[in-house]
Amino acid sequence: MSKRALVTGITGQDGSFLTEFLLEKGYEVYGIIRRASSFNTDRINHLYQDPHAPDTRLRLIYGDLNDSSSLNTILRNTQPDEIYNLGAQSHVRVSFDIPEYTAEVTGVGTVRILEAIREAGIKPKFYQASSSELFGKVVESPQTERTPFYPRSPYACAKAYAYYITVNYRESYGLFACNGILFNHESERRGETFVSRKITRAATRIKLGLQDKLYLGNLDAKRDWGYARDYVDAMWLMLQAEEPDDYVIATGKTHSIREFLDEAFGHLDLNWKEYVEIDPRYYRPTEVDLLLGDSTKARRVLGWEPKVNFKELVRLMVEYDLDLARHEKASRSLGERAISAETGWWET
Ligand code: NAP
Ligand code: G4F
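Residues numbered from 1 in each chain as written. Chains lettered and ligands numbered in written order. Predicted model: local features only at pLDDT ≥ 70, side-chain atom pairs only at ≥ 80, totals over all residues. Heavy atoms only, no water.

A.B. asks: Which parts of the structure should I look at to understand the confidence of the model for the protein chain?
C.D. replies: Parts of the prediction with low pLDDT should not have their coordinates interpreted in detail. Of all residues in the protein chain, 94% attain a pLDDT of 70 or more, and the chain-wide mean is 95. Here residues 340–348 scores under 50 on pLDDT; set against residues more than four positions off or in separate chains, the count is five contacts. (pLDDT = per-residue confidence, 0-100. Contact = heavy atoms within 4.5 Å.)

And the structure:
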């Protein structure tokens, strides 16, 4: 019989890659989605062709990490073997604007799921999406599973609660619960307000004349950036290990925002200094200056390693966004031609 997984945050970057991965492994996947005023399932539509087909192995259920009763019902009804808790208000800058909401979803949401597990009387394996943001103002480099936390944002504080409550449920109730302390991971599906995708979207639109400027904040911060597809493998591997434990997942290389700009604009034969302007609105009240992870433990115990390096990551994002920009340009000029045709004026 196929295994059953429940994924929160299925509509996000990681949720979509993880779902692809699990379906390929033969899992039945249940995904929790939130009601929104417009559809937000773009990243998983290709996996969800016919929701009425009897053999469909992906099912979407309405629920919310802020709504215990929905979680209780979902867990009772789905009885999953594995739960991947990826749902979160995941934007660090935004967490300074909505700290209380972030604490509710990103922090307390985790204990709501853990309590729903107890309420349902089941013993699924549990994955918690912990973050390198926990290391914040880092006390040592590189950061390992033993590095003390120093959270620097409401988001990171909420993730700290989620981390410790996951450890606590493992120790108190013998739950197979793991924290994946994942460093930044990006992709062609990354949200467009995170710095990597903001840069690749803008650079490609600038290249095609669709945009003039790119406004950014702190260019000196350094991140250990990997490819999201590689990182979802690690989530699954953690739940297949003999013992539940916590793991750092990272590439072991760090790069500044400037280096990301060099690579992205350079790939398009552009000089970013001609287009980038600083907008202090994107500064954070407290910044995380440097992240650099040491994933020796994951390599040794799980056999995990990243496959895509920094250069390849930036290139694949730029190539994808260049295609998007070409489509945008083509549809704009089609639209312009249609308007011209209506008014009887045709410019070729
Ligand atoms: P993402 O693209 O922002 O996706 C977040 C997901 O959470 C979306 O599906 C979102 O649903 C869902 N969500 C938000 N509020 C919710 C709520 N109240 N109830 C249920 N679901 C809710 O994030 P990601 O990059 O895939 O990251 C996945 C997880 O890993 C997050 O927990 C993030 O904090 C953590 N993480 C990410 C990174 C990284 O570099 N990407 C690194 C470390 C940890 P909507 O589509 O409806 O908004
Ligand atoms: O791309 P970012 O917004 O990612 P950040 O803050 O590192 O958080 C991401 O990674 C975490 C893992 O460490 C996750 F837990 C979290 O959910 C999220 O996925 O910002 C990266 C850096 C920051 O130092 C920021 O100040 O880029 C700097 N930056 C400079 N200009 C900017 C901008 N960030 C954004 N989002 N937008 C800017 O215009």
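Read on, since the account is not over.
A.B. asks: Help me out: how do you make sense of the pattern of salt bridges in this one?
C.D. replies: Oppositely charged side chains can form a pair if their charged atoms are brought close together. This model, assessed by the stated rule, comprises 22 salt bridges. Arg205 is the partner of Glu328 in a salt bridge, and the nearest nitrogen-oxygen pair spans 2.6 Å. Here the residue Glu328 occupies a position in helix H10 (residues 310–342), and Arg205 occupies one in helix H6 (residues 195–207), the gap between them amounting to 123 residues. With relative accessibility at 15%, the residue Arg205 sits in the buried group. A salt bridge links Arg258 to Asp220, with the shortest nitrogen-to-oxygen separation between them at 3.1 Å. Of the two residues, Arg258 is situated in helix H8 (residues 257–267) and Asp220 in the loop between strand E8 (214–216) and strand E9 (222–223); the sequence distance between them amounts to 38 residues. You can call Arg258 partly exposed: its relative accessible area is 35%. Among the ionic contacts, a cluster of salt bridges with common partners joins Glu20, Arg189 and Arg229. (Salt bridge = Lys/Arg side-chain N within 4 Å of Asp/Glu carboxyl O. Helix = DSSP H or I, 4+ residues; strand = E, 2+ residues; numbered from the N terminus. Buried < 20%, exposed > 50% of the residue type's maximum accessible area, 1.4 Å probe, protein only.)

A.B. asks: Help me understand the site of ligand 1 in this model?
C.D. replies: Taken together, 26 residues sit near ligand 1, with Thr11, Asn40, Asp64, Ser90 and Tyr155 positioned nearest. One of the backbone nitrogen or oxygen atoms of Leu65 is found 2.9 Å away from a nitrogen atom of ligand 1. Within the contact set of ligand 1, an oxygen atom lies 2.7 Å away from a side-chain nitrogen or oxygen of Ser90. For ligand 1, whose free accessible area comes to 900 Å², the fraction covered by protein is 89%. (Near = heavy atom within 4 Å. Polar contact = N/O pair within 3.5 Å; in protein donor to acceptor, adjacent residues only side chain to side chain. Areas by Shrake-Rupley, 256 points an atom, 1.4 Å probe, with all protein chains shown as cover.)

A.B. asks: I would appreciate a short explanation of H6 in the present structure.
C.D. replies: Spanning 13 residues, H6 covers 18 Å between terminal C-alpha atoms, matching the ideal 18 Å at 1.5 Å per step. The element H6 is extensively covered by neighbouring structure, given that eleven of its 13 residues are classed as buried. For H6, the full list of buried residues reads Ser196, Arg197, Lys198, Ile199, Thr200, Arg201, Ala202, Ala203, Thr204, Arg205 and Ile206. At the C-terminal side of H6, Gly209 shows a positive phi close to 75°. (Expected span 1.5 Å × (residues − 1).)

A.B. asks: I tried to follow the side chain of Thr254 on my own but got confused; where do I start?
C.D. replies: Here Thr254 is to be found in the loop between strand E11 (247–249) and strand E12 (255–256). Within the structure, Thr254 has its side chain in polar contact with the backbone oxygen of Arg223 (distance 3.2 Å). Here the side chain of Thr254 touches Leu291 through a polar contact of 2.9 Å, landing on its backbone oxygen. Sequence-distant contacts of Thr254, defined by excluding residues within four places in its chain, comprise Lys222, Arg223, Asp224, Leu290, Leu291 and Leu292.

A.B. asks: Looking at this model, I keep getting lost on the packing of aromatic side chains. Mind explaining?
C.D. replies: The relation between two aromatic rings is expressed through the spacing of the ring centres and the mutual angle of the planes. If you walk through the whole model with that rule in mind, you get 14 aromatic pairs. Aromatic side chains Phe149 and Tyr164 sit 5.8 Å apart centroid to centroid with 55° between the ring planes, which places their arrangement in the tilted category. You can see Phe149 sitting in the loop between strand E5 (125–131) and helix H5 (154–173) and its partner Tyr164 sitting in helix H5, a full 15 residues away along the chain. By relative accessible area, which is 49% here, Tyr164 ends up partly exposed. Seen from their ring centres, Tyr169 and Tyr173 are 5.0 Å apart, and the 65° between their planes marks the pair as edge-to-face. You can see Tyr169 and its partner Tyr173 sitting in helix H5, four residues apart, about one turn around the helix. Judged by its relative accessible area of 7%, Tyr169 is buried. An aromatic cluster is present here, built from Phe135, Phe149, Tyr163, Tyr164 and Phe183 joined pairwise through their rings. Taking NZ or CZ as reference, Arg118 lies 4.3 Å from the ring centre of Tyr173, over its face. Lys125 extends its terminal NZ or CZ atom over the ring of Phe176, reaching a point 4.5 Å from the ring centre. (Phe/Tyr/Trp six-rings, centres within 6.5 Å; stacked < 30°, edge-to-face > 60°. Lys NZ or Arg CZ within 6 Å of the ring centre and 35° of its normal.)

A.B. asks: Honestly, the side chain of Glu145 in this entry has me stumped. Any pointers?
C.D. replies: Inspection of the secondary structure puts Glu145 in the loop between E5 and H5. With no salt bridge to any partner, buried Glu145 finds its closest opposite charge in Arg146, at an N-O distance of 4.7 Å. Here Val248 takes part through its backbone nitrogen, which lies 2.8 Å from a polar atom of the side chain of Glu145. Non-local contacts of Glu145, meaning those with residues more than four positions away in its chain, are made with Asp246, Tyr247, Val248 and Lys297. (Lys, Arg positive; Asp, Glu negative; His and termini not counted.)

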